[in-house]
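Listed below, chain by chain, are the residues.
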Amino acid sequence: MKYIDEFQDPGLARRLLDDIRASVTRPWALMEVCGGQTHTIIRHGIDQLLPEGVELIHGPGCPVCVTPLEVIDKALAIAARPEVVFCSFGDMLRVPGTGKDLFRVRSEGGDVRVVYSPLDALRIARENPDRQVVFFGIGFETTAPPNAMTVYQARRLGIRNFSLLVSHVRVPPAIEAIMQSPSCRVQGFLAAGHVCSVMGTAEYPELADRHRVPVVVTGFEPLDILEGVRRAVRQLERGEHTVENAYPRAVRTEGNPAALAMIEDVFEVTDRAWRGIGTIPDSGWRLSERYREYDAEHRFPVSGIATREPEACRSGEVLQGLLKPHQCEAFGTACTPRTPLGATMVSSEGACAAYYLYRRLGTAPARSPQPAPQPPLEASPVV
Ligand code: SF4
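Residues numbered from 1 in each chain as written. Predicted model: local features only at pLDDT ≥ 70, side-chain atom pairs only at ≥ 80, totals over all residues. Heavy atoms only, no water.

1. Brief notes about the side chain of lysine 74
When you line up the elements, lysine 74 lands in helix α5 (residues 69-79). Of the residues examined, lysine 74 reaches a relative accessible area of 16% and is grouped as buried. For lysine 74, the contacting residues outside a window of four places in its chain are Glu297, Val302 and Ile305. (Helix = DSSP H or I, 4+ residues; strand = E, 2+ residues; numbered from the N terminus. Buried < 20%, exposed > 50% of the residue type's maximum accessible area, 1.4 Å probe, protein only. Contact = heavy atoms within 4.5 Å.)

2. A word on the pattern of salt bridges
Counted by the stated rule, this structure contains 28 salt bridges. The salt bridge partner of glutamate 55 is arginine 185, with a shortest N-O separation of 2.9 Å. Placement of the pair is glutamate 55 in strand β2 (residues 54-58) and arginine 185 in the loop between α9 (171-180) and β7 (188-192), with a sequence separation of 130 residues. Each of Asp19, Glu227, Arg230, Arg231, Arg234 and Glu244 takes part in one network of salt bridges that share partners. (Salt bridge = Lys/Arg side-chain N within 4 Å of Asp/Glu carboxyl O.)

3. A short note on the sheet that holds strand β8 (residues 215-218)
Taken together, the 5 strands give an open sheet; going across it, the order is β2-β1-β7-β8-β9, and neighbouring strands pair in parallel fashion. Across the chains shown, the open sheet's two edge strands, defined by having one partner strand only, are β2 and β9 (243-245). Between one strand and the next, the sheet's axes are offset by a mean angle of 25 degrees, whatever the strand orientation. Of the pairings in the sheet, the one linking strand β1 (residues 28-32) to β2 comprises 5 bridges and is parallel in character. (Pairing = 2+ DSSP bridges. Axes fitted to C-alpha atoms, helices over the stretch in contact; angles between N-to-C directions.)

Right under this line is the structure:
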């Protein structure tokens with residue numbers, strides 16, 4: 001399978017590992033920013049194959065996981081309204097809000113539907129002019145263009161019963177926040193290739209320079225990860241801190257101009273709260289003034305939300321790379337993909353789900369004779 005098989009070749013993986021081993025003289029800590037990369041790393045045991053001292057820290061790159069509890073609670077309130085058809089990708093339905101999730105809202109009579117594209121939601125709006133259709137627009141720079149384009153289309157077609165509940169986040173401000181944290185141990189970044197395929201790499205050189213960290217744009221197959229690690233380690237060993245593109249088959253320096261133009265037209269930068277982390281300045285997008293009538297928060301004001309995170313869940317620390325999932329006491333006991341306490345166990349990109357699905361851990365209690373663990377609901381196109 002082109003672009004998959006050749007990036008999983010065991011012989012090439014061994015050569016890359018040999019190269020990394022030969023160049024390492026000291027311990028280094030690298031953060032992979034994206035949850036998709038985390039899943040590849042854990043699924044293929046890449047972190048265990050690397051030489052001792054080269055540590056991979058899992059970053060806050062799962063869009064489902066970082067969607068703030070307050071927004072989930074707003075989604076629950078809007079989805080429960082009788083006039084609303086609430087559309088979302090599948091992962092979001094099981095993400096716990098305060099007290100319930102979207103599945104529960106559906107079981108209580110809410111019209112909650114799983115869609116595979118925001119355009120599906122727009123189609124539902126066209127077919128149901130007497131209903132209000134809301135699409136849950138979350139994700140990083142990768143999902144922002146299709147969501148922006150859907151709002152653009154809604155306005156162009158004069159569809160007024162459609163709106164977007166927006167919780168879009170941006171990666172570079174999160175990297176900035178991670179580097180400014182006093183507890184930060186990260187010395188280099190494997191930047192998320194799909195984000196850069198939209199945004200290009202222009203935002204990274206200043207970051208790399210200011211914090212003196214190498215940033216290597218990296219793909220999602222095992223050899224992509226190993227090549228990203230190889231280049232980051234090589235820079236660190238040489239005392240360099242530049243931006244390298246190790247994913248040229250998808251990423252150009254200038255990104256995707258059409259997608260960038262769509263984002264620019266429909267969204268504007270805003271501060272955003274990240275679940276488990278807090279508010280990061282300029283780390284998100286909201287609909288710009290021109291499109292405000294398509295903002296679900298504007299159309300359905302929700303008040304009286306009192307959010308409450310489960311006390312046992314330490315996903316905030318997991319998302320900041322301060323804790324590995326299996327070090328959480330609830331991992332594999334009170335918290336599993338079937339009974340998740342936090343979004344990091346729900347999402348198909350969550351770090352806790354990756355450890356649960358792919359890693360046999362001594363600290364996890366024996367679970368036999370249960371059936372094999374199920375993947376977390378439906379894989380979502382959210383990235
Ligand atoms: S294992 Fe569960 S409870 Fe622990 S941090 Fe992960 S999601 Fe939260």
